[in-house]
Structures are given as C-alpha cells and as structure tokens.
Amino acid sequence: MRVTLSVIKADIGGWVGHSAIHPALEESARASLAVAQQNGQIIDYYVTSCGDDLQLILTHTLGVDNDQIHRLAWDTFATGTQVAKQLKLYGAGQDLLTDAFSGNVKGQGPGVAEMEFEERTSEPILIFMADKTSAGSWNLPLFKMFVDPFNTAGLIISPSLHQGFRFEVHDIREHKKIFFDTPEEMYDLLMFIGTPSRFTVKHVFSRFDGTIAAVSSTERLSLIAGKYVGKDDPVLIVRSQHQFPAVGEVLEPFRYPWIIEGWMRGSHYGPLMPVAQKHATPARFDGPPRVICLGFQLNEGKLVGPRDMFDDPSWDEARREANLLADHLRRHGPFEPHRLPLEEMEYTSLPQVMKKVEGRWEKL
Ligand code: F6R
Ligand code: MG
Ligand code: MG
C-alpha cells in the first residue's frame, strides 16, 4: 500500500522553562489524534516529546502537504496551547506564529517532515528529533549515512547501495533548490551543506530505484518571523535496510557529538548529544542540544514501536564526549566560537544592540 508518514512538531509551551513538555500536553494531543483515528482520517499516531517540542507522528494515505492533515496538526497544537495556558506553562503557543490556519503548517511556525512511499515487505523507519538546534543540523549525519563508506559499509558491500544517493539541497535564504548525485558530486555537495545555517538537505533518494530515503524539516523560525523566536528543533525521517543504509549505519553518525548551532538562546555552538527519550530534557545552560531516535516497523501503515534507539550503553561514550566538549566550549562564555558569529546574530539580537550605540561610533 502507499502510505504517508508525517512528523509535525511545535513548541507550544515548556515545563519548566524551555526544558521539557508537560504530560498534560501529550495527553491532550493523544486525545485529539484518537478522534482523528476513529474518524478514519489517519491510520495511526504516536505522540512524544523532545525537550520543549511536542512531536506528532502520523500515518495516513492523504499524501504530503495535505491540508486535512496539516489542519489536524494545527488544531491539535491549538488545543494543546489552551492546556498550556491553563497551566501557565512557559511560552504557551510559542510556535503558532499566526492566529489562523492557512491550509499548510509550513511557514506558520511548526516544523514538518513528510514522505509518501509504497510500504515494502518490511519497512524499518527511524525518526530523529532534536531540541535546542536548527534546521541544518542533519547535514553532517546525512552525509555520513548516505555518502561516507567509513560510516556505511553497505555503500561498498551492497549492490543496491553501491550506485549511491541523490541529495536535494535547499538554500533557505534564497528559497532555491538543487540536486547532487553522490558519490560523483560529493565535493560540490559538501561546498554547500558545509554551511548548514544556509543550505539544508531536504530529501535523499536512492539511485538504485529512485525511491525516497530521507526527509528533514527545513523551516527556519528566525527567517519566518524576522526575529529570534526560538530554535527550529528539526526532525528527520530515514527509511532503513535493503536499498537503504542498515539501522546501525543510519545511527552510526551520532557516535560523534558534532558541533551544531543552537543551545542557550539559540545563539551558541555546542555538541549534539544522543540521548534516550526520557533524557531529552535540556538542563545545563539550556542544553547541551539533544537528539533522540525512535524506531518503528510499519505494518499496513500501523506504527509498530517505538524502540528508543539511543537508550543503549553503546552511546555512553558519545554522551561523555558531548559533556566534555560542552565543558570546553562553555569556558568561552560570550566569545566566539561558542557564541554564534556576528553574521548569524544579525538575524537575531545584534540589530537592537547596533541601534542602541548607533550615534557613538567615531572615525578611526
Ligand atoms: C533555546 C531556548 C532557550 C531560551 C532561553 C531564553 O532554543 O529555548 O535557551 O532561548 O531559555 O528564553 P526566553 O527568552 O523565553 O526567556
Ligand atoms: Mg520553548
Ligand atoms: Mg525546542
């Protein structure tokens, strides 16, 4: 059968501060989605959280960018916002940037990653969710998964991976997209995705059979709202096994706590720490940034799972290294390279400070 998997997320209020989601918000979301399932609008759903982001995982047959599904997500967040307001949770309704729903959640605040595909005989899916970071943070792990043979043995060993993958890259400032075929064009690809604040990998496709392998959310809240309104806290869906990297090859890039932007006030570089879902509760300096991964097998669109993939001792060293890197970066305080470079601050708080001291600059 053809199935659509939609992961739609929003920060609609934090508990405590920006550190986690209150159970009442998850309950509210489950109640909304249970009704949609009874009505036959969706096949299945799973509600979870990563830090202060409420995550809706939905399966259905309506395709991507479907206005019924987006409305369902929007209404679920709007209902949850009422609960958040009643509990006086922090930043209630933060990511619902407009008062009314316009037919698609894109550009309205929530993050979304969706893919439609023919469900295989067996369909292992990995869903990554991050908090305190931004849309381009998947660039490096996606490159490792789909291009680097030191990470993905299948690129050499498996005939169905040997032909490589096609990357769709978005320029989120100029609103343009481009495709690169790997491995031949990997150097061109790296030229762009090495700047994750501007270029983000949106989709990856198999060159063996053209099917979709991965999709990420690429919304940048600061570009949408024109000021700092919280980090994007992106999500990523990856199909696994057979013509795609094995589960272990998809997870392997997260062994290293890559330095990404986000953390405190969305204005610092820090390590991305892989954690179990129960530990996706940024505490130190509002961080360090977290990534969780839930694995599911699809069964006629039903979500069989989840398995909490980073809830395993093999990730302990990654976490330890992340904490050591966090210590080192923290000592820089307000200095680069811990704080984001000036160009990035221009999209957030720099303009206000610039304005304040405007008339005081003297010629050298
Ligand atoms: C970063 C984040 C937090 C907040 C910080 C200040 O993504 O969510 O680090 O930026 O706690 O929050 P406000 O401005 O809401 O007081
Ligand atoms: Mg928040
Ligand atoms: Mg968040």
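Structure: see above.
The shown structure was predicted, so the numbers you read here are calculated from the model rather than taken from an experiment. (Residues numbered from 1 in each chain as written. Chains lettered and ligands numbered in written order. Predicted model: local features only at pLDDT ≥ 70, side-chain atom pairs only at ≥ 80, totals over all residues. Heavy atoms only, no water.)

Observations concerning helix α8 (residues 316–330)
Taking 1.5 Å per residue as the helical rise, α8 with its 15 residues ought to reach 21 Å, and the 21 Å between its terminal C-alpha atoms agrees with that figure. Residues of α8 that are buried: A318, R319, A322, A326 and L329. The arc that holds every buried residue of α8, seen down its axis, measures 95°, which confines them to one face. (Helix = DSSP H or I, 4+ residues; strand = E, 2+ residues; numbered from the N terminus. Expected span 1.5 Å × (residues − 1). Buried < 20%, exposed > 50% of the residue type's maximum accessible area, 1.4 Å probe, protein only. Arc of directions from axis to C-beta.)

Observations regarding the coordination of the magnesium ion (ligand 2)
In this structure, D11 (OD), H18 (ND1) and D52 (OD) serve as the protein donors to the magnesium ion (ligand 2), at separations of 1.9 to 2.2 Å. The sequence motif formed by the donor residues of the magnesium ion (ligand 2) is D-x6-H-x33-D. Separating the magnesium ion (ligand 2) and the magnesium ion (ligand 3) is a distance of 5.0 Å, and D52 donates to both of them. Residue H18 is found in the loop between β1 (2–10) and α1 (23–38), and its partner D52 is found in the loop between β2 (44–50) and β3 (53–60); the two are separated by 34 residues along the sequence. In this structure H18 comes out as partly exposed when scored by relative accessible area, which is 28%. (Donors = N, O, S within 2.8 Å, 3.2 Å for Na, K, Ca; no water.)

Considerations on unusual backbone geometry
Cis geometry is adopted by the peptide bond preceding P288, which originates at G287 and carries an omega value of -15°. Residue P306 is reached from G305 by a cis peptide bond, and omega for that bond is 5°. Its place among the elements puts P306 in strand β15 (residues 302–308). One non-glycine residue, D233, lies in positive phi territory at about 50°. In this fold, D233 is placed in the loop between α6 (221–225) and β10 (235–239). The phi dihedral of R265 is positive, around 55°, even though this residue is not glycine. For R265, a relative accessible area of 62% puts it in the exposed group.

Some points on the site of ligand 1
The immediate surroundings of ligand 1 are formed by 10 residues, with H18, Y90, W263, R265 and D286 found nearest. One of the side-chain nitrogen or oxygen atoms of Y90 is found 3.0 Å away from an oxygen atom of ligand 1. Calculation on ligand 1 without its partners gives an accessible area of 410 Å², and the protein chains cover 75% of this total. (Near = heavy atom within 4 Å. Polar contact = N/O pair within 3.5 Å; in protein donor to acceptor, adjacent residues only side chain to side chain. Areas by Shrake-Rupley, 256 points an atom, 1.4 Å probe, with all protein chains shown as cover.)

Some details on the environment of N151
Among the secondary structure elements, N151 is positioned in the loop between α3 (139–147) and α4 (154–157). Once you skip the residues sitting within four places of it in the chain, N151 turns out to touch K144, M145, E249, E252 and P253. A distance of 3.3 Å separates a polar atom in the side chain of N151 from the backbone oxygen of K144. Engagement of the side chain of N151 in a polar contact is seen with the side chain of T152, the distance being 2.9 Å. (Contact = heavy atoms within 4.5 Å.)

Observations concerning the coordination of the magnesium ion (ligand 3)
Looking at the metal site, the magnesium ion (ligand 3) is ligated by D52 (OD), D53 (OD), D131 (OD) and D233 (OD), spaced 2.0 to 2.2 Å from it. All donors of the magnesium ion (ligand 3) come from a single chain, and their spacing in sequence reads D-D-x77-D-x101-D.

Looking at the packing of α3 against helix α5 (residues 186–193)
Following both chains from N to C, one finds α3 and α5 inclined at 165°, their axes separated by 11 Å at the closest point. In terms of orientation, α3 and α5 fall into the roughly antiparallel class. For the crossing formed where α3 meets α5, the hand is right-handed. Contacts from N139, F143 and V147 of α3 reach α5 at M186, L189, L190 and I193. For the contact of α3 with α5, the residue count by class is six nonpolar, one polar and no charged. (Axes fitted to C-alpha atoms, helices over the stretch in contact; angles between N-to-C directions. Parallel < 35°, antiparallel > 145°, perpendicular 65-115°, else oblique. Left-handed = near helix turned anticlockwise from the far one by under 90°. Nonpolar A, V, L, I, M, F, W, Y, C, P; charged D, E, K, R; others polar.)

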